[in-house]
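Report on the structure
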Amino acid sequence: MRVFTLVRKYHPTGTNGQLFDGTRLICHTIELPWRQNQRNVSCIPEGRYMLSLRWTSRWGWHFLIPRVPERDGILIHPANDALKELRGCIAPVTTCTGPGTGHGSRKALQRLMDEIRPVMQSGMPVYLIIHS
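Worth saying up front: this structure is predicted, and the values here are computed from it rather than measured. (Residues numbered from 1 in each chain as written. Predicted model: local features only at pLDDT ≥ 70, side-chain atom pairs only at ≥ 80, totals over all residues. Heavy atoms only, no water.)

Glancing now at the sheet that holds strand 5 (residues 52-56). Spatially, the three strands line up as an open sheet ordered 5-6-7, and their pairing is antiparallel. Single-partner strands in this sheet number two, and they are strand 5 and strand 7 (75-76). Pairing of strand 5 with strand 6 (residues 60-64) involves five bridges; the strand directions are antiparallel. Bridge pairing in strand 6 links Ser52 to Leu64. In this fold helix 2 (residues 105-121) packs onto strand 5, strand 6 and strand 7, with an angle of close to 70° to the strand it touches most, strand 6. (Pairing = 2+ DSSP bridges. Helix = DSSP H or I, 4+ residues; strand = E, 2+ residues; numbered from the N terminus. Contact = heavy atoms within 4.5 Å. Axes fitted to C-alpha atoms, helices over the stretch in contact; angles between N-to-C directions.)

Structure representation (structure tokens):
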């Protein structure tokens, strides 16, 4: 089992985070603000989630976060503005530029993919722990 950690900082207009492998920072993240886990307008609750690898024609390779309480279709995919581009998902970014905004999302997703995909392909489960 491999565990990655997302440490969040909440703001009224967005949530920013840092995603770590142990103590090593992989990338920053942006999300919607916390709004009591309401569909399409809130980031997901803090907790421990097993990640799955997924491919679609829209996003290419990205991650699915199944079994989010009262939610489905939660992904880790590229986006640079949470309020405009996310509906509850997590977007990796290279740099946060403000609450829920950042730059370099595709580059950050590729860095995350390079870290996690080989672990998943080896058959080892990968977990994401989210906390503030």
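Positionally, Thr15 belongs in strand 2 (residues 14-21). A relative accessible area of 0% places Thr15 in the buried class. Once the C-alpha coordinates of Thr15 and His131 are considered, the two residues, 116 residues apart in sequence, prove to be 12 Å apart. (Buried < 20%, exposed > 50% of the residue type's maximum accessible area, 1.4 Å probe, protein only.)

A few words now on unusual backbone geometry. The phi torsion at Asn37 lies on the positive side, around 60°, for a residue other than glycine. Relative to the helices and strands, Asn37 is located in the loop between strand 3 (24-31) and strand 4 (47-50). Residue classification places Asn37 among the buried residues on the basis of a relative accessible area of 12%. Of note, the phi angle at Asn40 is positive, near 70°, even though the residue is not glycine.

Moving on, we get to the sheet that holds strand 8 (residues 91-93). Reading across the sheet, the six strands line up as 4-11-1-2-3-8 and stay open at both edges, with mixed pairing between neighbours. If you trace the sheet from one side to the other, it starts and ends with strand 4 and strand 8, each paired once. Along the sheet, successive strands turn relative to each other by an average axial angle of 30°, direction set aside. As judged from the four bridges shared by strand 4 and strand 11 (residues 126-131), these two strands associate in the antiparallel manner. If you follow Arg48 over to strand 11, its bridge partner there is Ile129.

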